[in-house]
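# Residue-level structural notes
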Amino acid sequence: MRKYYQKHRLGTITLIWLAVIMAVALAVSLTVGFLLQNHYQQRQAFSMISDYLSENTRRIDPHERINEYFIEWMDEIVDVEGASRKKEFCDNDKLRRIALSNPENFNEVSFVDRDGIIAYSSNPELIGTDIRKSTHLAPFACILEGEGSYSDPFSASPFTDSVKTAYVGTAFRDKDGFMLWGMDEEIYRRWILYRIITVTESSKIGMTGYIINLDPDKKINCISYYMKDIAGDTFTEVSVLPEEEGTVKETICELYGEKCYVGAIKTPDYYVIGAYSVAEAEQFQLQNNILFVVLILLVLGIFFVVLFIMLRKVVIKGVEKTHSSLNRITEGDLDEKVDVRGSLEFSELSSGINDTVDRLKELIKAEDDRVKKELLQAKYIQESAVPGIFPPYPDNKTFGLYASMHTAEEVGGDFYDFFMTDENTLVVVMADVCGKGLPAALYMMRAKTLIKSFAERGLPVEMVASEVNNKLCEESSGNVSMFVTAWLGFLDLRSGVLSYVHAGHTYPLYISGNEITYVKESIDPILGVFKKMEYERQEIKMLPGDSIYLYTDGVTEAEDPEGNLYWNNRLQSFVTNMVDDIDTTDRNEYCREACERILAEVKSFESDTVQTDDITMLWMKYCG
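The model shown is predicted, which means the values in this text are computed figures rather than measured ones.

Thresholds applied
Residues numbered from 1 in each chain as written. Predicted model: local features only at pLDDT ≥ 70, side-chain atom pairs only at ≥ 80, totals over all residues. Heavy atoms only, no water. Helix = DSSP H or I, 4+ residues; strand = E, 2+ residues; numbered from the N terminus. Buried < 20%, exposed > 50% of the residue type's maximum accessible area, 1.4 Å probe, protein only. Contact = heavy atoms within 4.5 Å. Salt bridge = Lys/Arg side-chain N within 4 Å of Asp/Glu carboxyl O. Axes fitted to C-alpha atoms, helices over the stretch in contact; angles between N-to-C directions. Parallel < 35°, antiparallel > 145°, perpendicular 65-115°, else oblique. Left-handed = near helix turned anticlockwise from the far one by under 90°. Pairing = 2+ DSSP bridges. Core = buried A, V, L, I, M, F, W, Y, C linked by side-chain atoms within 4.5 Å. Expected span 1.5 Å × (residues − 1).

## Examining the overall build of the protein chain
- Within the protein chain, the secondary structure is distributed over 14 helices and 20 strands.
- Counting every position in the protein chain, which comprises 624 residues, the buried fraction comes to 44%.
- Within the protein chain, counting contacts between residues at least 6 apart in sequence, those at least 24 apart form 63% of the total.

## So, the pattern of salt bridges
- In total, this model carries 12 salt bridges according to the counting rule given.
- Note that Arg446 and Glu475 form a salt bridge whose closest N and O atoms lie 2.4 Å from each other. Here the residue Arg446 occupies a position in helix H10 (residues 437-455), and Glu475 occupies one in helix H11 (residues 461-476), the gap between them amounting to 29 residues.
- Residue classification places Arg446 among the partly exposed residues on the basis of a relative accessible area of 32%.
- What makes Glu475 partly exposed here is its relative accessible area of 40%.
- Put simply, Asp581, Glu593 and Arg597 are held in one network by salt bridges that share partners.

## Digging into the packing of helix H13 (residues 567-579) against helix H14 (residues 587-606)
- Close contact between H13 and H14 brings their axes to 11 Å; oriented N to C, the two are set at 135 degrees. Judged by the angle between their axes, H13 and H14 are oblique. Note that H13 runs across H14; the crossing there is right-handed. Taken together, the residues of H14 that come into contact with H13 (itself represented by Arg570, Leu571, Phe574, Val575, Met578 and Val579) are Tyr590, Ala594, Arg597, Ile598, Glu601 and Phe605.

## Overview of the sheet that holds strand S5 (residues 178-184)
- Strand order in the open sheet formed by 5 strands is S2-S1-S5-S4-S3, with antiparallel pairing between adjacent strands. With one partner strand each, in any of the chains shown, strand S2 (118-121) and strand S3 (149-151) form the two edges of the open sheet. Between one strand and the next, the sheet's axes are offset by a mean angle of 20 degrees, whatever the strand orientation.
- Pairing of strand S4 (residues 165-171) with S5 involves 7 bridges; the strand directions are antiparallel. What sits directly across from Thr165, in S5, is Asp184.

## Here's the deal with the nonpolar core
- By size, the foremost hydrophobic cluster in this structure holds 79 residues, and its most contacted members are Phe415, Tyr549, Leu571, Val575, Ile598, Leu618 and Trp619.
- Not counting chain neighbours up to four residues away, the residues in contact with Leu618 comprise Leu401, Tyr402, Ala403, Tyr416, Asp417, Phe418, Val428, Met430, Ile548, Tyr549, Leu550 and Cys595.
- Core analysis: the next-biggest nonpolar cluster, separate from the first, contains 39 residues, Met74, Ile98, Val109 and Ile187 among them.

## As for the sheet that holds strand S16 (residues 509-512)
- In spatial order, the strands read S11-S20-S19-S16-S17; together these 5 strands make up an open sheet with antiparallel pairing. Taken across any chain shown, the strands that pair with only one partner, and hence form the sheet edges, are strand S11 (399-406) and strand S17 (515-518). Geometrically, the sheet is characterised by an average inter-axis angle of 15 degrees between neighbouring strands, direction not taken into account.
- Of the strands in this sheet, S16, S17, strand S19 (547-551) and strand S20 (615-622) are in contact with H13, which crosses S17 at around 155 degrees.
- Of the strands in this sheet, S11, S19 and S20 are in contact with H14, which crosses S20 at around 150 degrees.

## Some words on helix H6 (residues 185-201)
- When the terminal C-alpha atoms of H6 are compared, their 24 Å separation across 17 residues agrees well with the 24 Å that a helix rising 1.5 Å per residue should span.
- Of the positions making up H6, those classed as buried are Ile187, Tyr188, Trp191, Ile192, Arg195, Ile196, Val199 and Thr200.

## Some remarks on unusual backbone geometry
- In this structure, the amide linkage connecting Phe390 to the following residue, Pro391, adopts the cis form with an omega of -5 degrees.
- Here Pro391 lies in the loop between helix H9 (344-385) and S11.
- A positive phi angle, close to 50 degrees, is found at Tyr256, a residue other than glycine.
- Mapped onto the fold, Tyr256 is located in the loop between strand S8 (248-255) and strand S9 (258-266).
- Residue Tyr256 is classed as partly exposed on the basis of its relative accessible area, which comes to 31%.
- You will see that Lys532, though not glycine, has its phi angle at about 55 degrees, which is positive.
- As for its placement among the helices and strands, Lys532 is situated in the loop between S17 and strand S18 (538-541).
- For Lys532, a relative accessible area of 73% gives the class exposed.

What follows is the structure in structure tokens.
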């Protein structure tokens, strides 16, 4: 596990642990949820059955339906909106005809005026009756006081004794009196029976549940229509029926071959039973379980995202920011500061890292100072290894000479050299070691020593190049990462013949009067790579006044701020314009001024860019 942690980021590990925690939380939630679902399924089923039973008994109550019927009758026939037709009913004969034409709904109809007197009626015995003085009709006075309708508080059943006559009153729209309707026992019985059958047969609990209405003898009065052919006439599962009136008894049992949730209620006149299939409830439970799982996943997903965002903001981002700062520090940016202050631990960690880096900077500075001091000493040694006194041979009037070396670092790999092997031979050398710094400087000093050593033995220039190459190859032991390009020239001061070897170096410029050309003859291989190479001797016949300019690639490959190179054409053009402009008769001063002007031109071209390569040059003028 530890190896796994070491190979993954904190964010990935946090995600994995959060996923594990969420999976465990999901399993626990689902287990508890399913247990609760089973419990609440039963409670929901019985609650739904109880609601259906309450609704069934309420809808069987004839008062509400009778009132609704006569209000509709009044609105559509008697007292239409926007007009009043009540005067049409101020006629006893007309009221009798209305009663006779509606025997299935009522058998009496009366017109009660605003004073509570029955002014007109289909029943002559009621005309002139003051309802306030009638024991039976006195409650209807509430209509005169603003009620919309009123009916007798009768309570009867088609299965028990019933009232002889029941009344319903419905107010006119202008509240100026009301209509009084009377129903005899038979009409009232039909009303109630119709209501029971209509309400029960049209009832259905869920998709397959049903309602049963029983008389007090447990015979089925009516049942939901699609169960008629199954139920029969007598209800046999009497164990589900309650003993007390007004209470709902809940049972889980098998009815008509199917396991059901059963609820039953007892009224003074009948029993009402509601049955709901357990299979259907479980089907909805499955849907509920799926919904529950989806909701749990959604909630846990939101919780997971929120928690991860919080952890990322509080912890992971702090770690990543700290890691990012540490990366920049390890890449060398020691000025980078860790500034993560999200918690006390991060604040202390930031301060600790910054203190460590500050201490490291102090140690590095001390080490840099030591190394710079040593490199400065090495630079002095390197500079002392090349000729630095000018003019070098003030009494020899056959030539003038000046050279300079500007390293890109404290020490470099370029070098020049010149010396006399005898009173008539001047040797000039311009070389460039591959690389920079101290290794290049050490290699440069070794190459310079070998060149001078073999030249002073009196060997011709091509033999000097060959011997130096072999010696460098032997000492490198096959390591070709270090080599040197060189231009070696031997000038016979008597004849002006310049014998040279061009070992992979830059092309010298030859200045003869106003003609400035590159010395582009054959080029031999570089020194220090290929053993036993033969080098070709080449010659130039110098005339009095001619000059040769030797340099390293730090001159022609100098870059301006846009990355453009100085290059050969620019150098040739500058020297062409320069030679006629140097106004001095001193041969050595002429060489000095030429080198200094070229150096100034290169520096001007580079502008403010950092020098990336050593710039070394030598100007030699033959006077004859």
